[in-house]
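Chain and residue survey
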Amino acid sequence: FPVVFILLPNTRKETKMKVAIFSTLLAVASAFAPSPLKTAESSTQLNALFKSKLTYVPCISLKDLPKPGSATSGVAGGLAICVAVDPKGSVYALGDKCPPVNQPLSFGKVNSDGTIQDPVLGTKFSLKTGEVIQWCPDGIGKLLGGLFDPIGVPTYPVRQKGGNVEVQVDVNAKAN
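Here is a short report on the structure shown in this document.

Criteria and cut-off values
- Residues numbered from 1 in each chain as written.
- Predicted model: local features only at pLDDT ≥ 70, side-chain atom pairs only at ≥ 80, totals over all residues.
- Heavy atoms only, no water.
- Helix = DSSP H or I, 4+ residues; strand = E, 2+ residues; numbered from the N terminus.
- Buried < 20%, exposed > 50% of the residue type's maximum accessible area, 1.4 Å probe, protein only.
- Contact = heavy atoms within 4.5 Å.
- Areas by Shrake-Rupley, 256 points an atom, 1.4 Å probe, with all protein chains shown as cover.
- Lys, Arg positive; Asp, Glu negative; His and termini not counted.
- Salt bridge = Lys/Arg side-chain N within 4 Å of Asp/Glu carboxyl O.
- Polar contact = N/O pair within 3.5 Å; in protein donor to acceptor, adjacent residues only side chain to side chain.
- Pairing = 2+ DSSP bridges.

Comments concerning the overall build of the protein
A count of helices and strands for the protein gives two helices and 13 strands. The buried share among the 176 residues of the protein stands at 30%. Of all intrachain contacts in the protein linking residues separated by at least 6 positions in sequence, the fraction that spans at least 24 positions is 42%. Split by element, the accessible area of the protein, about 11,700 Å² in all, is 61% carbon and sulfur.

Here we look at the side chain of D170
With respect to the helices and strands, D170 occurs in strand β13 (residues 164-170). Salt bridges are absent for the buried D170, whose nearest opposite-charge side chain, K53, sits at 8.8 Å. In this structure the side chain of D170 is engaged in a polar contact, spanning 3.2 Å, whose partner is the side chain of S52. Polar contacts involving the side chain of D170 include one to the main-chain amide nitrogen of K53, which spans 3.0 Å. With near-sequence residues (within four places) excluded, D170 lies in contact with S52, K53 and L54.

Regarding the sheet that holds strand β3 (residues 79-85)
What the four strands build is an open sheet, ordered β2-β3-β4-β11; its pairing is antiparallel. Across the chains shown, the open sheet's two edge strands, defined by having one partner strand only, are β2 (70-76) and β11 (155-156). Here β2 runs beside β3; their pairing, made up of seven bridges, is antiparallel. Paired with A71 across the bridge in β3 is A84.

So, the sheet that holds strand β9 (residues 124-126)
The strands making up a sheet are joined through hydrogen bonds of the backbone, oriented either antiparallel or parallel. Spatially, four strands are ordered β7-β8-β9-β10 in an open sheet, and the strand pairing comes out antiparallel. The open sheet terminates on both sides in strands that have one partner only, identified here as β7 (109-110) and β10 (132-134). Here two bridges tie β9 to β10, and the two strands are oriented antiparallel to one another. Among the inter-strand pairings, F125 is bridged to a residue of β10, identified as V132.

Examining the environment of L147
Inspection of the secondary structure assignment puts L147 in the loop between α2 (139-145) and β11. Taking relative accessible area as the criterion, L147 reaches 65% and is therefore assigned exposed. For the pair L147 and P100, spaced 47 residues apart in sequence, the C-alpha to C-alpha distance is 9.1 Å.

What about unusual backbone geometry?
Across the junction of P99 and P100, the peptide omega takes the value 5°, indicating a cis bond. Residue placement: P100 occurs in the loop between β5 (97-98) and β6 (103-104). Even without a glycine there, the phi angle at N102 is positive, about 65°. Relative to the helices and strands, N102 is located in the loop between β5 and β6. Positioned with a positive phi, C136 is a non-glycine residue whose angle comes to about 40°.

Here you go:
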């Protein structure tokens, strides 16, 4: 920002005013200046305290498994998990935080086309890959979704063991 000073006779009151104006201009300029990246606080695998450890952990009991065409929520290794059952009976595990505003994906509708649909914004995610199939297609979703880049949800391997549905997660992810 160009700074222009008007030269006036230097009375004490005028000097205080010039300092106040200069300080205000400096504050406005610094508010829009780029801030340096803090790479030392990165949470990448390179800075991890604990090595990644993929393990199957119980998520929900088999008696809580939803009927075909629906989903429920569970927790595995401290992570919120959406357990979805497609209309044919196949079981899938996905992250339960639905972008862009993190509402539970487990409240969504499981469709016969291999997708689960966000109940609020209408985004469809692939049950197999978590990739976005259709991003915020209409209504408030179109308005809000237009502010964000499409992003999918994580998927996790799932198996039945004993009386539980188990999901493979990194049990050290929360500790890092």
